[in-house]
Amino acid sequence: MKHMTRKATRHVSQNEGLIFEKSSPGKAAWKLPPLDVPEIDASKLLGSAERKDLGNMPEVSEIEIIRHFTRLSTWNYAIDLGMYPLGSCTMKYNPRVNEVVARLEGLANGHPYQPERASQGALRILKTLSECLLEITGMDAITLQPAAGAHGELTGLLMVRAYQESKGTPRKKILIPDSAHGTNPATAAMVGYAVENLKSNSQGMVDIAALSGQMNQDVAALMLTNPNTLGIFEQEIEQIAAILHAKGGLLYMDGANMNALVGKVRPGDFGVDLMHLNLHKTFSTPHGGGGPGSGPVAVKNILGPFLPKPVLITKPDGTLGFEYDRPQSVGRVRAFYGNFGMFVRALAYILANGPDGLRQTTEDAVLNANYIRKGLEGAYDLPYSTPTMHEVVFSDRRQAKKRVKTMDIAKRLIDYGFHPYTTAFPLIVPGALMIEATESESKEELDLFIESMRSIAEEVEEDPQTVLTAPHSTRISRLDETTAARKPVLRWKPAAE
Ligand SMILES: *Cc1c(COP(=O)(O)O)cnc(C)c1O
C-alpha cells in the first residue's frame, strides 16, 4: 500500500459526523399508523420526570440516523475488524457466548440487595470462579472486589501494609524493577510507601545481586510482573522469593501477564505471596474503551485475615453467604461485591475452555508472539535476545537513524489496517515497539501483520517522509495528543455565533 490521498469522500468529510447539522424540522426516523387506542397521559405516569421540551434534538430521517451511527462505528478500530497488537493489554478476542451468558435474565437483573437466600445462584458463580482462579494461580484465598488491575494492586499493597503492621511495623519501602508497569510505583506511592528502583540485568531479568544488596528490614515487598513487561519469564523467581522471605518481605506478583502462564505454572508454587489478576485481559472481557474491569487479588493463607470484607463463605447450613466480622480486614475496596458481569464472563470463558483449552490458549499466545518475533527479527532491532513468552519488545534503533521513531511506525501501521502496537513502553527499552498477538490470531493475520511491519521498515529506508506523515487513510491524521488527553472534546457543540 502506498501513500493514500482521499480528500473529498464522505469518509474524510468533517461534516459527516454532525447529525445535528443534518436536522430539518418535521423529519422523523419512524412511520407508524395513526393511533387507534386512547392516548396515555404521560404526565400522569412520569410526573415531573416528563420532559416536554426535547431541546435541540436533531430531526432526521431513518436512513440518515442509521447511516450516521453505522458510519461512526467504522471510524473506530476494533478487535472485530482486525488484530490489535497492543502489548501488555492482552487484547484477545472475547467469545460471543460470554455476552449471551452475561445477559441471561437471572444474571443480568440480579440485585446486590437481594437477600442471600434468593441469590444462591449468583453466589455460586462467585464461589466457582474463586475456586477456578485459586486452582489456576496455586493460591489459598481470593477477593473478587477490585474493579481493575491497578485497583487490585492497591488492595494488595493495603494488605501488605496490614500484614507488616501485624508483625510490628509497616516498613517503608517497596522494591520495583525498572521494567515495571507504571501502575506499580503509582500504587506503592498511594499506599504511602517509598519506591526503590531495582535494576534489570543484561538479559532483561531481575539482577539477583542487586536485589540481595537492596533487600533489608525496611522493605515491605517486591512488586514483580512475571513474565515481565519484556515478555521474559523471571527464571530466578524461586531465589527471588527466598531472598525476600529471608528478611521478612513479601513477593507481590502483578499477574496481568498470566495469559503466558495459565495451565503451565502456578505463582503459588514459585513463592508468590499475593497477586492480582486482570480478568479483563487474561480471562476475556471486552476492554480498552474504559469499560468495567476486574482485578481479583489472590493470596497465601498468611494474608487471608486481611482480605477486604465481606468475604464469601459457606455457612453451617451449607448455603453461601457473606461474612462481615473480619477484624483484621483492610475493609471494603468496592461497592457491593465487585463487577459481577465480569465474573460471569470470566467463568464462562474458563468453563468453555476447560483445563486443556486454557493450556492450549497459553501455548498459542506464546507461539504467536514468537512467530512474530522470528518474522520481524531481520527488520527491527531486538534489544534483549532472551527467549520471550506472550509478547515481544523491539526497538526503533535502526529506524531512528532515518529520524523515524516508534510512534511514526505505529501511525503508519494504521494505514495498513492494524491497530498500533504499544509505543515507548516498557521504559527500559528506548523507542520500544511492544507487540502482543494473543492466542486469537490466525497464521494468515499474523503473516499479514509481519508483511506490513516489514513493508514499513522498507519504506523507512526508501521514503521515510511517508512514514513520518502517516496515517494517510484516517479522517484526522496526527492529533495533538497532549491536548486531546488534557482537554478532550467529548460532545458536539454548535459553532459559536
Ligand atoms: C494492564 C496492566 C496493569 C493495570 O491494569 P488495569 O486493569 O488497566 O488497571 C498493571 N500491570 C500490568 C503489567 C498490566 O499489563
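Look up: the structure comes first, before these words.
Residues numbered from 1 in each chain as written. Predicted model: local features only at pLDDT ≥ 70, side-chain atom pairs only at ≥ 80, totals over all residues. Heavy atoms only, no water.

A few words now on the overall build of the protein. Broken down by element type, the protein carries 16 helices and 12 strands. Its C-alpha atoms give the protein a radius of gyration of 26 Å, within 12% of the compact-globule value 23 Å for 497 residues. Considering only C-alpha atoms, the protein reaches an extent of 80 × 70 × 45 Å along its principal axes. Taking all 497 residues of the protein together, 47% fall into the buried category. A sequence separation of at least 24 residues applies to 69% of the contacts in the protein between residues at least 6 apart. (Helix = DSSP H or I, 4+ residues; strand = E, 2+ residues; numbered from the N terminus. Rg over C-alpha atoms; globule rule 2.2 N^0.38 Å. Buried < 20%, exposed > 50% of the residue type's maximum accessible area, 1.4 Å probe, protein only. Contact = heavy atoms within 4.5 Å.)

Most often, soluble globular proteins have nonpolar side chains that are buried together. Membership of the largest hydrophobic core comes to 52 residues, with the highest contact counts inside it found for Leu-129, Leu-133, Ile-240, Leu-251 and Phe-283. Elements that contribute at least two residues to this core include exactly helix 5 (120-137), helix 8 (208-214), strand 4 (219-225), helix 9 (237-246), strand 5 (250-255), strand 6 (274-277), strand 9 (320-323) and helix 11 (340-376). Composition of this core by domain shows at least three residues from each of domain 1 (96-350) and domain 2 (356-484). Once residues lying within four places of it in the same chain are set aside, the contact partners of Leu-133 are Ile-142, Leu-144, Leu-277, Leu-279, Phe-283, Pro-296 and Ile-350. Among the nonpolar cores identified, the runner-up in size contains 26 residues, and Met-83, Leu-376, Tyr-380 and Ile-456 belong to it. (Core = buried A, V, L, I, M, F, W, Y, C linked by side-chain atoms within 4.5 Å. Domains from an automatic or database assignment.)

Evaluation of the coordinates by the stated rule reveals 22 salt bridges. In this structure, Arg-412 engages Glu-459 in a salt bridge whose closest nitrogen and oxygen atoms are separated by 2.9 Å. Pair noted here: Arg-412 is in helix 13 (residues 406-415) and Glu-459 is in helix 14 (residues 443-462), with a separation of 47 residues, a long-range link. Through salt bridges with shared partners, a single network forms among Glu-99, Arg-103 and Arg-345. (Salt bridge = Lys/Arg side-chain N within 4 Å of Asp/Glu carboxyl O.)

It is worth spelling out the sheet that holds strand 11 (residues 422-423) at this point. Taken in spatial order, the 3 strands of this open sheet run 10-12-11, and their pairing is antiparallel. Only two strands of the sheet have a single neighbouring strand rather than two, namely strand 10 (392-395) and strand 11. Note: strand 11 against strand 12 (residues 432-435), 2 bridges, orientation antiparallel. Bridging across to strand 12, Thr-422 finds its partner in Met-434. Along the sheet, helix 11 makes contact with strand 10 and strand 12, crossing strand 10 at roughly 20 degrees. (Pairing = 2+ DSSP bridges. Axes fitted to C-alpha atoms, helices over the stretch in contact; angles between N-to-C directions.)

Attention now moves to the sheet that holds strand 4. Taken in spatial order, the 7 strands make up an open sheet running 1-7-6-5-4-2-3, and their pairing is mixed. Of all strands in the sheet, those bounded by a partner on one side alone are strand 1 (141-143) and strand 3 (194-198). Across the sheet, the axes of successive neighbouring strands diverge by a mean angle of 25 degrees, strand direction being ignored. Both strand 5 and strand 6 contribute to a ladder of 4 bridges, which runs parallel.

The next thing to look at is helix 14. The periodicity of an α-helix, 3.6 residues per turn, causes residues three or four positions apart to be oriented the same way. With 20 residues, helix 14 extends 28 Å between its outermost C-alpha atoms, agreeing within 8% with the 28 Å of an ideal straight helix rising 1.5 Å per residue. Inspection of helix 14 places Glu-445, Leu-446, Phe-449, Ile-450, Ser-452, Met-453, Ile-456, Ala-457, Glu-459 and Val-460 among the buried residues, and these make up the whole buried set. Of the surrounding elements, those touching the buried residues of helix 14 are helix 11, helix 12 (397-400), helix 13, strand 12 and helix 15 (464-468). (Expected span 1.5 Å × (residues − 1).)

Without other data, these values stay purely geometric and don't point to any function.
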